[in-house]
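Tertiary structure, described
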Amino acid sequence: MNQMDQIKFCCSVCLDLLKDPVTIPCGHSYCMNCIKSFWDEEEKKKIYSCPQCRQTFTPRPVLMKNTMLADFVEELKKTGLQAAPADHCYAGPEDVACDVCTGRKMKAFKSCLFCLASYCKEHLQPHYDVVPLKKHKLMEPSNKLQENICSRHDEVKKMFCRTDQQSICYLCSVDEHKGHDTVSAAAERTERQRELEVSRQNIQQRIQDREKDVKLLQQEVEAINQSADQTVEHSEKIFTELIHLIQKRSSDVKQQIRSQQETEVSRVKELQEKLEQEITELKRKDAELKQLLKQLSHTQDHNHFLHNCPSLSALSESTDSSSINIRPLSYFEDVTAAVSEVRDKLQDILREEWTNISLTVTEVEPEPKTRDEFLKYSCEITLDPNTANTKLLLSEENRKVTAMNEQQSYYHHPDRFTYWCQVLSRESLTGRCYWEVEWKGTGVHVAAAYKDISRTGWGNECKFGRNEKSWAFNCYKSNYTFWYNNTQTPVSGPQSSRVGVYLDHRAGILSFYSVSETMTLLHTVQTTFTQPLYAGLWLYSGVRSSKFCKL
């Protein structure tokens, strides 16, 4: 059996031998499942067609198995007939079919924009041979040729209106698109293609630039890792040397103390031996005199007493008791005091220098955006009673401050603000920190300041935000203002009784946020901090309160 005979018994949908063959009203036969699937896709239109001749049926035909054809296919299978080769020459449901072919249509090879038809290779040949047809514009097969026809003038859309950004025909350009910026579709395509090429070149250039940036960043990562490793190694070496130096000094002090101990003990023992010798001599003299007195005590003859009483030998010189200087447990107090002074100075140096060290460490964490991210940097802040003005009352474990009309009983302290109702935190703030302040009353100044801000008097050098050593965000019921170095900056934003403060000491960032259901940035300071900061609050006199929130 030749190939054409095989094709007669193949389903034009699956291109395989018929399975459960059915014959539809137009006479073409298909596998039952194939035609069902094909019609299922047309279910929405309620019009059912033949995949080969495109004849339509309404309603959907009822399919019945063609038993005679099925038996014949089975007999053919027994003789060794296999499925027709899938040469893909014939058009399937998803293919563009040749408009000239009759019966089973071949796949289209090209579509003609002039003819508005699609042709297989055989039927396309005239477009290559006939001179008038050679001028037609051919394109890849398309089922959307009708979109190239103007629905109003029934002309091919060969123009493009740049004003309305749509394809039009020539008549449209002199009708409703008259006066618009129109060009030929080919010119527009050329221009668009050129723009796409330029855009692609730009994209490729950006890809190259970004790849270079990625390489640079990778080099930076390697440099950071190498620098960090070297710094850790050098730091450990330096701290080890420092520990060894302290241990050496500790050993020297111990040796000196032991040497002095030995000298002092020898001195005391030598003096002790002299005293013991003197006591022995005195006891011997005392015993002799006691015996003599006993012998002569009963005589009444004075001359006899004088004659028998020998002259007393002179006693040896007594040891000077002033050389005995007893200082219980206080012999080495000066050494202890000196070592303690060294410890305190070293702690101060380490505390001060640690800030400088921390300032040089590069942090790689991204800037926080949401409140949850800010809360990662939350810190517990308490108020320092030694800095509180005497009209401020601290409570709630020194987290809350209330402005009072009467003086409070505080001990005198040099850190206390003497005039303004201000107070600083006990904790110093470096690195990244976040805290929130809740206030009641007419307003509060939420501040940050250096420790060496002036405390005595009523001048600007003592007031938060009125000097170079402090920053103050003033919250009122109706508005916000920011103060630094006695310069006022109006700030707009949603009113809230809670203010969030974010500090990135190394980056020199101090930001203030309105905190409610969401966080709104109110004001940001970009500067260089040269010392650790302390959180501060400034309340006007009268009963007003503010507190650092527990986060």
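As a starting point, this report considers the structure included with it. (Residues numbered from 1 in each chain as written. Predicted model: local features only at pLDDT ≥ 70, side-chain atom pairs only at ≥ 80, totals over all residues. Heavy atoms only, no water.)

Regarding the overall build of the protein chain
On a plain count of helices and strands, the protein chain comes out with 10 helices and 23 strands. For the protein chain, the proportion of its 551 residues judged to be buried stands at 31%. If you sum the accessible surface of the protein chain, you get close to 36200 Å²; carbon and sulfur atoms cover 53% of it. (Helix = DSSP H or I, 4+ residues; strand = E, 2+ residues; numbered from the N terminus. Buried < 20%, exposed > 50% of the residue type's maximum accessible area, 1.4 Å probe, protein only. Areas by Shrake-Rupley, 256 points an atom, 1.4 Å probe, with all protein chains shown as cover.)

Looking at the sheet that holds strand 20 (residues 509–515)
With antiparallel pairing, the 7 strands of this open sheet are ordered in space as 11-12-23-14-19-20-21. Whereas interior strands pair on both sides, the edge strands pair on one side only; in this sheet they are strand 11 (392–395) and strand 21 (519–526). Here the average twist between neighbouring strands, direction ignored, is 20°. Here strand 12 (residues 400–403) runs beside strand 23 (residues 544–548); their pairing, made up of 4 bridges, is antiparallel. Bridge assignment links Lys400 to a residue of strand 23, and that residue is Lys547. (Pairing = 2+ DSSP bridges. Axes fitted to C-alpha atoms, helices over the stretch in contact; angles between N-to-C directions.)

Focus on helix 3 (residues 67–78)
The end-to-end C-alpha distance of helix 3, which contains 12 residues, comes to 17 Å, matching closely the 16 Å that a straight helix rising 1.5 Å per residue would cover. Taken together, the buried positions of helix 3 are occupied by Leu69, Ala70, Val73 and Leu76. Within helix 3, the buried residues cover an arc of 120° as seen down the axis, which keeps them to one side. For helix 3, the exposed residues lying more than 90 degrees away from the buried face are Met68, Asp71 and Lys78. Considering only its buried residues, helix 3 is in contact with strand 1 (21–23) and strand 2 (29–31). (Expected span 1.5 Å × (residues − 1). Arc of directions from axis to C-beta. Contact = heavy atoms within 4.5 Å.)

Some details on the layout of surface pockets
Estimated volume of the largest pocket: approximately 640 Å³. Around the largest pocket sit 18 residues that line it, and Leu113, Asn148, Lys157, Ala185 and Ala186 are the ones nearest its centre. Considering each element in turn, the lining of the largest pocket owes the most residues, 5 residues, to helix 7 (residues 185–296). The residue makeup of the lining of the largest pocket, split by class, is 7 nonpolar, 3 polar and 8 charged. (1 Å grid on protein atoms, 1.4 Å probe; cavity = no way out; pocket = protein on both sides within 12 Å on 5 of 7 lines; lining within 4 Å. Points joined across faces, edges and corners; volume = space filled by probe spheres on them. Nonpolar A, V, L, I, M, F, W, Y, C, P; charged D, E, K, R; others polar.)

Regarding unusual backbone geometry
Cis rather than trans, the peptide bond between Thr58 and Pro59 has omega equal to 0°. You can see Pro59 is positioned in the loop between strand 4 (56–57) and helix 3. The backbone of Asp20 sits at a positive phi, close to 50°, despite the residue not being glycine. With respect to the element layout, Asp20 can be found in the loop between helix 1 (3–8) and strand 1. A positive phi is found at Asn485, a non-glycine position, where the angle reads about 55°. Looking at the element boundaries, Asn485 is found in the loop between strand 17 (480–484) and strand 18 (487–491). With relative accessibility at 34%, the residue Asn485 sits in the partly exposed group.

A look at the packing of aromatic side chains
The tally for this structure, following the rule as stated, stands at 15 aromatic pairs. Plain terms: the ring middles of Phe473 and Phe512 are 4.9 Å apart, the flat faces sit at 10° to each other, and that makes the pair stacked. Note that Phe473 is positioned in strand 16 (residues 470–476) and Phe512 in strand 20, a separation of 39 residues in sequence. Measuring from centroid to centroid gives 6.0 Å for Phe482 and Phe512, while their planes differ by 55°, and the two rings are tilted. Of this pair, Phe482 sits in strand 17 while Phe512 sits in strand 20, and the two are 30 residues apart along the sequence. Side by side, Phe482 and Phe512 carry an identical accessibility label, which is buried. Put simply, the rings of Phe374, Tyr377, Tyr434, Tyr502 and Tyr513 touch in pairs and so form one group of aromatic residues. Lying across the ring of Phe109, Lys110 places its NZ or CZ 5.7 Å from the centre. (Phe/Tyr/Trp six-rings, centres within 6.5 Å; stacked < 30°, edge-to-face > 60°. Lys NZ or Arg CZ within 6 Å of the ring centre and 35° of its normal.)

Description of the nonpolar core
In terms of nonpolar packing, the biggest core is built from 37 residues, with Trp435, Leu510 and Leu537 touching the most fellow members. Contacts of Leu537, omitting those with residues within four sequence positions, involve Leu383, Val401, Cys421, Gln422, Val423, Val437, Val444, His445, Val446, Phe464, Ser546 and Phe548. Of all hydrophobic cores here, the second largest spans 21 residues; its members include Phe9, Cys10, Phe38 and Leu69. (Core = buried A, V, L, I, M, F, W, Y, C linked by side-chain atoms within 4.5 Å.)

Side note on the sheet that holds strand 8 (residues 159–161)
Spatial ordering of the open sheet is given by 9-8-10, a layout of 3 strands whose pairing is antiparallel. This sheet does not close on itself; its edge strands, each paired only once, are strand 9 (166–168) and strand 10 (182–184). Here the strands of the sheet are splayed against their neighbours by 35° on average, with no regard to which way each runs. Across 3 bridges, strand 8 lies against strand 10 in antiparallel orientation.

Details of the environment of Glu74
With respect to the helices and strands, the residue Glu74 is situated in helix 3. Judged by relative accessible area, which is 42%, Glu74 ranks as partly exposed. Each C-alpha atom, one on Glu74 and one on Leu17, is 9.8 Å from the other, the two residues being 57 residues apart in sequence.

Overview of the pairing of strand 20
Counting buried positions along strand 20 gives 7 out of 7 residues, so the element sits mostly inside the fold. A two-sided burial pattern is seen for strand 20, the buried positions comprising Ile509, Ser511, Tyr513 and Val515 on one face and Leu510, Phe512 and Ser514 on the other. Bridge count between strand 19 (residues 498–504) and strand 20: 6 bridges; the pairing is antiparallel. From the neighbouring strand, Asp504 faces strand 20, where its bridge partner is Ile509.

Structural notes on a nonpolar patch on the surface
Together, Phe239, Leu242, Ile243, Leu245, Ile246, Leu346 and Leu350 give the surface a local cluster of nonpolar side chains, amounting to about 570 Å² of exposed area. Listed by contribution, the elements that provide at least two residues to the nonpolar patch are helix 7 and helix 9 (333–360). Top contributing element to the nonpolar patch by residue count: helix 7, with 5 residues. Within the fold, Leu245 resides in helix 7. A residue is classified by how much of its surface remains accessible, and Leu245, at 41% relative accessible area, is partly exposed. (Patch = residues over 30% accessible without salt bridge, like charges linked within 9 Å, V, L, I, M, F, W, Y side chains within 5 Å. Salt bridge = Lys/Arg side-chain N within 4 Å of Asp/Glu carboxyl O.)

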